[in-house]
Structures are given as structure tokens and as C-alpha cells.
Amino acid sequence: MKRRQTAERRDGASQSRTAWHAVLRSWVLHHQLSATDSLHRLLGNPVSSLMTWFVIGIALAMPVGMFVALENVRSVSADWDSPAQVSLFLRPEITLEAAQLLEQSLLQRPDVGATRLITRQAALEEFQQLSGFGDVLANLDDNPLPNLVVVSPPDGGLDGAAAEAMLAGLQALPEVENAILDMEWVQRLNSLMQLSRRLVVSLGALLSLGVLLVIGNTIRLAIENRRQEIVIVKLVGGSDPFVRRPFLYTGIWYGFGGALASWLIIAVTLGWLRGPLSSLAVLYQSEFRLQGLGMEGGLALLLLGGSLGLLGSWLAVARHLRAIEPD
Amino acid sequence: MITFDRVSKRYPEGHDALREVSFHVERNEMVFLTGHSGAGKSTLLKLIMLMERPSRGQVLINDQNLKDVSRRKIPHLRRQIGVVFQNHQLLFDRSIFANVALPLEIAGYQHREIGRRVRAALDKVGLLEREGDLPVTLSGGEQQRVGIARAVVNKPQVLLADEPTGNLDPALSSEIMHLFEAFNQVGVTVLVASHDLSLISRMQHRIMTLRGGNLIVGASEP
């Protein structure tokens, strides 16, 4: 009031700009003050703040951790071309040369992307190695396995009907005794992945709601604890946004700290799994490397936590702050 | 500066706190408001602060009709009025400096300006040396002086006080009242509610008396 009067006297023309400037500056100033003050309050109560942070952290770590796991599974299964391949078991009388000719001719078909010939000999050796029945098989007079051509669809795959048509076409070839579409397990994996993804999403939604409630309740308690202060601030002319601001920042810090905690939990858990997983990968001769959250994912997690904190505190503040009036 | 025009206040439970109260306080005037407890002194102050709204009649502060002040604008009105409470209403987890600085923080003053004004206000109430202490380390009279420093730090045009000497001994009470008088002398309109008749009758100011919600003495026509 007084200030505006002096400004008026000094320079009438720029008065409104000066006032606008002062309002903006004081607004920024109070944001800084609220942010630092609310952080100091949280750090001043380290035990209870840490507990809240870890509650939020655990709630966030469960869906985010599952998401990370799913991403890893997806990166593994992406190496396998879905939807699948067709195994052509050739008639026993088909010679190796005839099989090679067949393989070449198959490549000309539009619905075939790649072929791979597995000879009876190779199949037997592989089977001996992997099945553990090596001794039994060695005792057989004759190799019971047929030559096999594995046919993959072209890049981009085939939809269900086209795959069926391809299967029927290959089955009709005279050299082929039996054509089997190895699609079922990929389909199963895909639907399993889809199911898991939905589970993660719904779990994430539920636990986010939980985080909202935790933060909302914590802020409600903070408001109750500072009831007298709120009354006094309102008495000496504090506006609703002024009173609200520190509590909103408190919520943001809770959410932010909770997200940091969940980042930590996920990083520690992944670190703990990394050793056994990589020895498992070695056993499967896989190039698989466990992917963590990454910097981008971590920042997104922090953003998510901060937003949940802001939203939760906003809900609490909207419900409880208005009710506190000086009487 | 403060005008009440046939103001009545009936609380929801049916109690008539004020009945047809009319008076006018001039700019730069100092007025005492007295009456037994329950006579309506606090209600009258609450109407000025917009902590309550009148059931009938109009209240004007500095020519502004309070019925035109929306809920959102109330903080703006309160920033123009300094208030001192009987129970001080201090923040006990903050230093004396921080307590006095509160209205300036709300008004958005810069750090340096806040420091300057807070020290000036604390100096006026004689507590400059104690700025870093917590309010609990102060006596009742000193806490009340912190409350006064906070009320005047933003240089309000109107200063209200509700039983500011309620818990103080006579010597301290008189000291506090003279402090109000000093602010009045530099141009602040002061309205003090007090039932300490012996003290306020010794001071040369208009005394308004409420009884059962009626203003029976001291109204000057608006």
C-alpha cells in the first residue's frame, strides 16, 4: 500500500509495471521460501520422513520393478521372430540333395522369409547333446530322425489366416510328411506378456492411489499440527494460496523422496539379481544383460513421484485447509 | 475510518451479540471499547476483521463497504489492519524476529526490507535485543509487545486490540496502553477493546460502552 504510493509519486507511468514486477518477485520469493522451509521441516524429522519416504518408495518400487522385469523379458523375446516358424518334417525317402533343392525352391515363395535345413545327422547330434539320451541313441542301428526344413515367414510376419494358408500350402508339398506351426508357445508367451503388462498397469494404478492416500494423510496430519499457525497466518492477511503453498511443497518432497527411495530399492534389487542372472545367461549361451531403469526411466520415476506428491497434498489441502478459519 | 451503520449480529444459535450498533471512528482517532464480557466487544472486532459477517447493517473501513469484500479479498483487507490479541497468537516454534516478520512475508517484501522494518518495529516496543529468542523465553508483557510489533510492522492504517492487557498487571497494562497511544500519535487509527475501566478512564480518549449488544455510550453519529 505504502510502497505503491511512493512508487506513484516517483514515477506514475511505470507504476503498474513496477507493481506487477513486485508481485511477481514476491510470488517467486515465497515459492522459494516454501520449498526450502518445507524441505527443512522434513529433514528436521529424519526418522518419520524416512519412514514415509520408504513406504512410498516400496509402493512405487513394486509396479516399477515389475515393469523393468517385463521390459527385460520383452528385450529377450524380441529376438525370437513371432509369429513363429513352420517345421517341415520331410519324408524319410527324401535324400539330402532333394532336401537342399526343396529348401532353395521354398525361398522363391512369397510367404517365406527364410529357410534353414537341419539334416538328419545334425538333428541327431543335437538331440544326443541336449537330451541326455546319448548312450541310448548310440545303440540305435538307424537314425530315426527325418530331415527337417525350418521355414520362417517374411519380415513383419504373417497374420493368423495367412499363416494358416502358408501351413496348408507347405503341408501339400509332396516331399513333406508333416508340417507343424510352432506358433502356440509364442502366442502363449505373448498373451502372458500382455496379461502381465495389464497386471503391472493395474497394480501400478492401485499402488499410486495408495501413495496418494499416504501423502494425503501425512499432509492432513501436518495441517492439523500447524492449525494454530494457519489461523495466525490467516489473521494477519495470508491468502489461501499463501497458506497452501508450504503444504503443497511438503507433498512434492514426500513424493520426490519416495521416488528416490524406490529408485534405490530397484537398483539394489537388480544389482542383487545381476550376478545369478548373468551366470544363467551364460548357461543358455545368451547375450542377455539385465537392463536397469536407466537415467531416463529414473527421471520419469522422480517426475511421477513428485506429481503424485503434489496431487495427494492438493487433495488434502483442498479438503482440510479451508475448514481452518480464525474464530 | 471505521463506520458501523445499524449493525446487528445474531449467531446461528440465536444469540444476539450486537443490536443496531452505529458509530464512527475518525481517521487518527483513538477509541476504547468497553463492556462486560459477552457484551459484544469481540464480535464487533471480528466484524471489522471479517472473521464474521453482520446479520444486518453495514461496516465500512476506509470508505470500503465490507459487504463488497469477497472471501478471496479478505486477506487483502486484513493486511491493512493490525491486530493485537489477548492471548498474543504468537508462533512458538519461531523466533521473535520471524513472528514479527510474518505480515511482511505475506505481503511479499524483500529480505533486506523485512529485516529493516522488523528491527524498527522491535525497537519501538523495546525488544530489539531479543530478536533471535523464542517467544517462550519472554514474559507475558513482552510477548504482548511482540504481538504489537507484529501488528504495526506493516504500517497499517488501523490498529485493533482485543483485551491486550487482559493478563497483565497494572504497571505493564499502562505501559502497553501508552504504546498504543504512541502509535496513534504517528497517525494510526486505534480501537482498543478493554474492560479495564480504571486504566482507560485515566487516558484522554473516547470510550464506547457496549451492554448486551447495544452501544449505550460513546457513539458519535456517522
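The structure this text deals with has already been given above.
These lines cover the structure that appears in this document, whether it is placed above or below. Computed from a predicted model, the values in this text were never measured in an experiment.

**Considering the sheet that holds strand E5 (residues 64–65) of chain B**
Residue and element names in this part refer to chain B.
- Read across the sheet, 4 strands follow the order E2-E1-E4-E5 without closing on themselves; strand pairing throughout is antiparallel. Each edge of the open sheet carries a strand with a single partner, namely strand E2 (16–25) and E5.
- The sheet contact formed by strand E4 (residues 56–61) and E5 spans 2 bridges and is antiparallel. Bridging across to E5, Leu60 finds its partner in Asn65.

**Observations regarding unusual backbone geometry**
Residues and elements named next belong to chain B.
- Phi angles above zero are rare outside glycine, and Asp63 is one such case at about 65 degrees.
- For Asp63, the location among the structural elements is in the loop between E4 and E5.
- Its relative accessible area of 71% is what places Asp63 among the exposed residues.

**Here we look at the packing of helix H5 (residues 140–152) of chain B against helix H6 (residues 170–185) of chain B**
Residues and elements named next belong to chain B.
- Across the interface, H5 lies against H6 with an axial gap of 11 Å and an inter-helix angle of 10 degrees. Our classification of the angle between H5 and H6 gives roughly parallel. When you trace H5 past H6, the crossing you get is right-handed. Of the residues in H6, those touching H5 at Gly141, Gln144, Arg145, Ile148 and Val152 are Leu172, Glu175, Ile176, Leu179, Phe180 and Phe183.
- Along the lines of polarity and charge, the residues of the contact of H5 with H6 split into 7 nonpolar, 2 polar and 2 charged.

**Details of the interface of chain A and chain B**
- Contacts between the two partners involve 23 residues from chain A, matched on the other side by 22 residues from chain B.
- When the two sides are added together, the surface that chain A and chain B hide from each other amounts to roughly 2400 Å², 57% of it contributed by carbon and sulfur.
- The tally of links from chain A across to chain B stands at 3 salt bridges.
- Elements supplying a minimum of two residues to the side of chain A that touches chain B: helix H2 (15–44), helix H9 (227–235) and helix H10 (240–283) of chain A.
- With 6 residues, H9(A) is the largest single contributor of residues to the side of chain A that touches chain B.
- Residues that form the side of chain A that touches chain B fall into these classes: 8 nonpolar, 5 polar and 10 charged.

Analysis parameters
Residues numbered from 1 in each chain as written. Chains lettered and ligands numbered in written order. Predicted model: local features only at pLDDT ≥ 70, side-chain atom pairs only at ≥ 80, totals over all residues. Heavy atoms only, no water. Pairing = 2+ DSSP bridges. Helix = DSSP H or I, 4+ residues; strand = E, 2+ residues; numbered from the N terminus. Buried < 20%, exposed > 50% of the residue type's maximum accessible area, 1.4 Å probe, protein only. Axes fitted to C-alpha atoms, helices over the stretch in contact; angles between N-to-C directions. Parallel < 35°, antiparallel > 145°, perpendicular 65-115°, else oblique. Left-handed = near helix turned anticlockwise from the far one by under 90°. Contact = heavy atoms within 4.5 Å. Nonpolar A, V, L, I, M, F, W, Y, C, P; charged D, E, K, R; others polar. Buried area = accessible area lost by both parts, 1.4 Å probe. Salt bridge = Lys/Arg side-chain N within 4 Å of Asp/Glu carboxyl O.

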